[in-house]
Amino acid sequence: MEPWFRSFLLGLLLVTPSAFSQQTSSTRATPPMVIEPKVERRDINEADIDTEDFEIGVFFGSISIEDFSNSSLTGLRLTYHLTESVFTEASYGVAEGGQTSYEILSGGAPFLTDEEREYSYYDLSLGYRFSGETFITQNWVFNSDFYLQAGAGNTEFGGDDRMTVTIGAGYRLLLTDWLVLRFDGKDQIFDSEIIGPKKTTHNLAFSLGLSVFF
Amino acid sequence: MLRVFLHLSLMAFTLLSSQVRADTAEVQISQAFVNVHTGPASGYPVFQVIERGEWVTVLKRRTNWFKVMLGNKQQGWITQADLNQTKNITGEKTQIKEGSLANFAERDIELAIFAGTFDSVNGLSFAGSWVWTENIATELSYTQALGDFSKNELLMLRIQHSMFPEWRLSPYLSLGAGLVRTTPKASLVQSGDEVRNSDALELGLGARYYLNRNFIIRLEYKNLLVITDRDEQQELNQWNLGFAVFF
């Protein structure tokens, strides 16, 4: 080995660790803080954010029970919003069946007792919403949506329980962020043999309701 | 009835008024811009845009949408995807957890609705379960099956064992006991009131499929042994397909 090269290597050996040590010491010595940051750690905690996926409401309306004239309808419903457009809903309603035209015209014995005339139902449904806006006037606007629903449940009428399929459509007007005005139309379809041979009946219900998000 | 409604609506209103919370979170927009909608769905129009560097206050959540208050006190809704792009006060990326497969394994409560057949009759069931450990859960269910001749109601309490709770398609076994109430159709049996109550034992096999967020699909088969007052015991088969939400 050339002597100049040997001394170069030796020099390198001497220099390198000192260079390293200098580097480490420079990283270790952080400049002193001028202002201590007093930032309160406020991570977004999901539990702190109020989640409003449920909606509870009452409704009043009219139901036309097939063969038993029109009656007023009162009910309660609970909705769970799964996504911005899909929701599930449980509803319960009560009405009082009227008289058939035969009963009214003949003046004969009634088909059903008062207790059997009580109409009550529950159903569970899945719905799909189409969101938009409704302009009441040019500058007065509400968020609104139109929805379709389908479900199944049970209807108690004429002293029996009946498996019921429901299909419906409705319209929601969001009065505020949490208060909703709803108009619903539903067809409750079940088999009935109350006034003769078994047949499929369609019972149309229309209602107006108010519900709140929570 | 009306009184019940009044009470419930009163309860709902008190719930609402108590929900005004002091805890809000402030986040800083780190994307070029974020669209602010008038309502919590993509169908509602965009009425504002927030730019990078602006701070907004997160007020509440509805499904995958978050209500925010902008600097000019205007309020609007932004998507969860956009919120996940923002930064919090310490400069870290905001992460709002969405239900995940990991949450599915760690769920505490599950609520389910089923449609199915109960010995060739259509049935509807509701079930609520409490998950004790990853593997073991207790479930209470109510089934209503309406046949041509009778109405059957079942109230069952069961223990479920999930063999592989961490799998997306997670099978389970269940063992239950309960009551079966059979009411003959009033239109067929004029004397009525021949309601029969029987005890029942159940052996079930099912599977949960984790869909997304906090939704599950469940399919199950149950074999029921109804212990009747008569000499023979009745064996029934039940198939259920259902949808569940977990918390």
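Reading the values: the criteria
Residues numbered from 1 in each chain as written. Chains lettered and ligands numbered in written order. Predicted model: local features only at pLDDT ≥ 70, side-chain atom pairs only at ≥ 80, totals over all residues. Heavy atoms only, no water. Helix = DSSP H or I, 4+ residues; strand = E, 2+ residues; numbered from the N terminus. Buried < 20%, exposed > 50% of the residue type's maximum accessible area, 1.4 Å probe, protein only. Contact = heavy atoms within 4.5 Å. Areas by Shrake-Rupley, 256 points an atom, 1.4 Å probe, with all protein chains shown as cover. Core = buried A, V, L, I, M, F, W, Y, C linked by side-chain atoms within 4.5 Å. Pairing = 2+ DSSP bridges. Axes fitted to C-alpha atoms, helices over the stretch in contact; angles between N-to-C directions. Lys, Arg positive; Asp, Glu negative; His and termini not counted. Salt bridge = Lys/Arg side-chain N within 4 Å of Asp/Glu carboxyl O. Polar contact = N/O pair within 3.5 Å; in protein donor to acceptor, adjacent residues only side chain to side chain. Patch = residues over 30% accessible without salt bridge, like charges linked within 9 Å, V, L, I, M, F, W, Y side chains within 5 Å. pLDDT = per-residue confidence, 0-100.

S.K.: Help me understand the overall build of chain A in this model?
M.R.: The secondary structure content of chain A amounts to two helices and nine strands. When the helices and strands of chain A are listed from N to C terminus, the series reads α-β-β-β-β-α-β-β-β-β-β. Residues counted as buried form 41% of the 214 residues belonging to chain A. Within chain A, contacts between residues separated by at least 24 positions form 56% of all contacts whose residues are at least 6 apart in sequence. A total of about 11,900 Å² of accessible surface is found on chain A, and carbon and sulfur atoms cover 64% of it.

S.K.: Would you mind showing me how to read the nonpolar core here?
M.R.: If you look at the biggest cluster of nonpolar residues, it comprises 14 residues, and the most contacted ones within it are Ile50, Val56, Val58, Phe66, Ile78 and Leu83 of chain B. Listing elements by their share of this core, those giving two or more residues are strand S2 (33-37), strand S4 (55-62) and strand S5 (65-69) of chain B. One finds Ile65, Phe68, Tyr119 and Ala205 of chain A within the second-largest nonpolar core, a separate group that totals 13 residues.

S.K.: I keep staring at unusual backbone geometry and nothing clicks. Help me out?
M.R.: Leaving glycine aside, a negative phi is the common case for residues, and trans is the common case for peptide bonds. Although it is not a glycine, Ser69 of chain A sits at a positive phi angle of roughly 50°. Although it is not a glycine, Ser120 of chain B adopts a positive phi angle of roughly 70°. Of note, Ser120 of chain B is situated in the loop between strand S7 (109-118) and strand S8 (121-131). Under the relative-accessibility criterion, Ser120 of chain B is labelled exposed at 74%.

S.K.: Please explain the sheet that holds strand S12 (residues 196-210) of chain B as it appears in this structure.
M.R.: Sheet strands associate in pairs through backbone hydrogen bonding, adopting either a parallel or an antiparallel arrangement. All names here are of chain B. In space, the eight strands of this closed barrel follow the order S7-S8-S9-S10-S11-S12-S13-S14, with antiparallel pairing throughout. Each strand of the sheet is rotated relative to its neighbour by a mean of 25°, with strand direction disregarded. Examined bridge by bridge, strand S9 (residues 136-146) and strand S10 (residues 150-162) share eleven bridges and lie antiparallel to one another. Among the inter-strand pairings, Ser141 is bridged to a residue of S10, identified as Met156.

S.K.: Even after reading the chapter, I still don't get the side chain of Arg213 of chain B, so can you show me in this structure?
M.R.: Structurally, the position occupied by Arg213 of chain B is in the loop between S12 and strand S13 (215-227). No salt bridge forms around the buried Arg213 of chain B; measuring N to O, its nearest opposite-charge neighbour Asp53 of chain A is 4.5 Å away. Within the structure, the side chain of Arg213 of chain B is placed 2.4 Å from the backbone oxygen of Leu82 of chain A, a separation counted as a polar contact. Here Arg213 of chain B is in contact with Asp53, Leu82 and Thr83 of chain A together with Thr63, Asn64, Glu98, Gly99, Ser100 and Phe246 of chain B, once residues within four sequence places are set aside.

S.K.: What am I meant to see in the sheet that holds strand S6 (residues 141-157) of chain A here?
M.R.: All names here are of chain A. Judged by pairing direction, the barrel is antiparallel, and its eight strands sit side by side in the order S2-S3-S4-S5-S6-S7-S8-S9 before closing back on the first. Taken over all neighbouring pairs, the strand axes of this sheet differ in orientation by 25° on average, direction set aside. Where strand S4 (residues 86-96) meets strand S5 (residues 118-135), eleven bridges bridge the pair, whose relative direction is antiparallel. Bridging from a neighbouring strand, Glu96 pairs with Glu118 of S5.

S.K.: Before we go on, may I ask you to explain the side chain of Arg117 of chain A in this structure?
M.R.: Residue and element names in this part refer to chain A. Take Arg117: it is sitting in the loop between helix H2 (101-106) and S5. Among the polar contacts listed, one links the side chain of Arg117 to the backbone oxygen of Gly98, at a separation of 2.7 Å. With residues near it in sequence (within four places) discarded, Arg117 still touches Phe68, Ala95, Glu96, Gly97, Gly98, Gln99, Glu103, Pro110, Phe111, Leu112 and Phe157.

S.K.: Honestly, the pairing of strand S7 (residues 160-174) of chain A in this entry has me stumped. Any pointers?
M.R.: The two faces of a sheet get side chains in turn, since along a regular strand they alternate between them. Residues and elements named next belong to chain A. Both S6 and S7 contribute to a ladder of 15 bridges, which runs antiparallel. Considered in S7, the bridge of Glu156 is made with Asp161. Between S6 and S7, which pair antiparallel one after the other, the connecting turn spans two residues, and Gly158 there sits at a positive phi close to 65°. Relative to strand S8 (residues 179-192), S7 runs antiparallel, the two sharing ten bridges. If you follow Tyr171 over to S8, its bridge partner there is Phe183.

S.K.: How do you make sense of a nonpolar patch on the surface when you look at a structure like this?
M.R.: On the surface, Ile109, Leu111, Trp130, Trp132, Ile136, Ile159 and Phe247 of chain B cluster together into a nonpolar patch covering about 690 Å² of accessible area. Take Ile109 of chain B: it is sitting in strand S7.

S.K.: Mind showing me how you'd approach the environment of Glu103 of chain A here?
M.R.: Residue and element names in this part refer to chain A. By secondary structure assignment, the location of Glu103 is in helix H2. The spatial distance from the C-alpha of Glu103 to the C-alpha of Phe68 is 9.7 Å, given a sequence separation of 35 residues. For Glu103, the residues in contact, after removing those within four places along its chain, are Phe68, Gly108, Ala109, Pro110, Phe111, Leu112 and Arg117.

S.K.: Would you mind going over the confidence of the model for chain A with me for this structure?
M.R.: Predicted coordinates in regions of low pLDDT should not be interpreted in detail. All names here are of chain A. Here chain A averages 82 in pLDDT, and 78% of its residues register 70 or above. Of all secondary-structure elements in chain A, the lowest mean pLDDT belongs to helix H1 (residues 3-28), at 51, while strand S2 (residues 54-64) reaches the highest, 95. Under a pLDDT of 50 for its full length, residues 15-27 has, in the predicted model, zero contacts with residues more than four places off or in other chains.

S.K.: Can you help me understand the confidence of the model for chain B in this one?
M.R.: Put simply, chain B has an average pLDDT of 84, and 87% of its residues get 70 or more. With a pTM of 0.75, the predicted complex shows an ipTM of 0.74.

S.K.: Honestly, the pattern of salt bridges in this entry has me stumped. Any pointers?
M.R.: All chains considered together, the criterion is met by 24 salt bridges over all chains. One salt bridge connects Arg62 of chain B with Glu52 of chain A, and the closest N-O pair in it is separated by 2.7 Å. Taken together, the positions of Arg62 of chain B in strand S4 and Glu52 of chain A in the loop between strand S1 (50-51) and S2 put the pair across two chains. Each of the two residues, Arg62 of chain B as well as Glu52 of chain A, counts as buried. For Glu139 of chain B, the salt bridge identified is with Arg158 of chain B, shortest N-O distance 2.7 Å. With Glu139 of chain B in strand S9 and Arg158 of chain B in strand S10, this pair connects stretches of sequence that are 19 residues apart. Like Glu139 of chain B, the residue Arg158 of chain B is buried in the burial classification. When salt bridges with common partners are traced through the structure, they connect Arg107, Glu110, Glu139, Arg158, Glu202, Arg208, Arg218, Glu220 and Lys222 of chain B into a single cluster.

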